[in-house]
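Coordinates in review
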Amino acid sequence: MSNTTWIFNFFNTLSQAVIPPNIIALLIVVPSTILYLTELGVIFRFKKAFKSSFFKLFAARTISSILGLIGQCLYSRFGRVGFFLSIYLKLSGVYLAIFYFMTAYFYLVEGTCTITLLLNRLTALVWPLKYERIWKKLWYWAIILAYILPLTQTWHIVFLDIVIWVHDDNATFTLLTQMKSDDTNDPLIAAEFSGFFTIVRLAINLASLFVYKKTKIVSSQQTDSKQKMEARLTIYSILTFFGQLLYTFYMVN
């Protein structure tokens, strides 16, 4: 009986603790940040080698990922572990709203850039000899639109009333939006766009896989390589679909 009680208390404490989930988040955030910075460093360091439209689009998405990660840390992650509470309490609501804006805005930018990247890869499969000429004229417009269009859904966030809710431990805290009856439901918008990104990414990935399977390859060595690529594309399509789908459910809930 005592062993059962001990086990129950252990898991009950673990489920309510703040540290374990944030350790997991930290294990994701730190490698992601290092990866993003490394990617940018390599692309800008060897610009001549990475001058194709794909890497320009890739750099634009990586920048949005870094800024979005910074926004997430400022808006939610620091509060979960109780970092900088005294500083946050001195900040005006405008800064708190900017933190929220960064999180929402760069999430949409990253999703739009990812779709653009996938379209770039799809056109590379459909028109392998001339796709680069097409994107030579389109890549900067694609980046501009990817960074401008999300503003139509997020500009109002900087005018929201954000407050700090300090938890019972007087260390961790949460930034909360004081919603009014006529305010836009930003979590719902994020969930809708997450669902949209999920469907579009899956469709483009499946289209890329279909086009790749239709590619005629003669030699057996190339056939083996093609089959491996098909398997990777299939796994990637499935994983990205379910990953985005889970995130959509999280946003809805």
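On a predicted model such as this, the values are computed, not experimentally measured, just so you know.

Moving on, we get to the overall build of the protein. Helices and strands together make up the secondary structure of the protein, namely 9 helices and 2 strands. In the protein, the succession of α and β elements from N to C terminus is α-α-α-α-α-α-α-β-β-α-α. Buried residues in the protein amount to 34% of all 253 residues. For the protein, restricting intrachain contacts to residue pairs at least 6 apart in sequence, the fraction spanning at least 24 positions comes to 74%. Accessible surface, the protein as shown: approximately 16,400 Å² in total, 70% of it carbon and sulfur.

We now examine the UniProt feature "transmembrane region" (unreviewed entry) in the protein. In the UniProt entry, the feature "transmembrane region" (unreviewed entry) is given for residues 23-46, 58-78, 98-119, 139-167, 187-212 and 233-252. Helix makes up 100% of residues 98-119 and strand makes up 0%, while its end C-alpha atoms are separated by 31 Å. The distance separating the terminal C-alpha atoms of residues 187-212 is 37 Å; by composition the span is 100% helix and 0% strand.

The probe, sized like a water molecule, is rolled over the atoms to show the empty space still left. Counted according to the given criterion, the structure contains 1 cavity of 30 Å³ or more. In this model, the largest cavity occupies a volume close to 30 Å³. Around the largest cavity, the lining residues are L57, A60, C113, T116, A142, I143 and A146. Mapped by element, the contributors of at least two residues to the lining of the largest cavity are helix 3 (53-81), helix 5 (93-126) and helix 6 (131-148). It is helix 6 that contributes the most residues to the lining of the largest cavity, 3 residues altogether.

When a protein is soluble and globular, its nonpolar side chains tend to lie buried together. One finds Y147, I162 and L175 to be the most contacted residues of the largest nonpolar core, which totals 37 residues. Here this core gets 13 residues from one element, more than from any other, and that element is helix 5. Setting aside residues up to four positions removed in sequence, L175 forms contacts with L74, Y75, Y88, L96, F99, I162, V163 and I164. Y107, L108, L122 and I204 belong to the second-largest nonpolar core, a separate cluster that totals 9 residues.

Parameters and conventions
Residues numbered from 1 in each chain as written. Predicted model: local features only at pLDDT ≥ 70, side-chain atom pairs only at ≥ 80, totals over all residues. Heavy atoms only, no water. Helix = DSSP H or I, 4+ residues; strand = E, 2+ residues; numbered from the N terminus. Buried < 20%, exposed > 50% of the residue type's maximum accessible area, 1.4 Å probe, protein only. Contact = heavy atoms within 4.5 Å. Areas by Shrake-Rupley, 256 points an atom, 1.4 Å probe, with all protein chains shown as cover. UniProt positions renumbered as here; feature names shortened; annotations may be inferred. 1 Å grid on protein atoms, 1.4 Å probe; cavity = no way out; pocket = protein on both sides within 12 Å on 5 of 7 lines; lining within 4 Å. Points joined across faces, edges and corners; volume = space filled by probe spheres on them. Core = buried A, V, L, I, M, F, W, Y, C linked by side-chain atoms within 4.5 Å.

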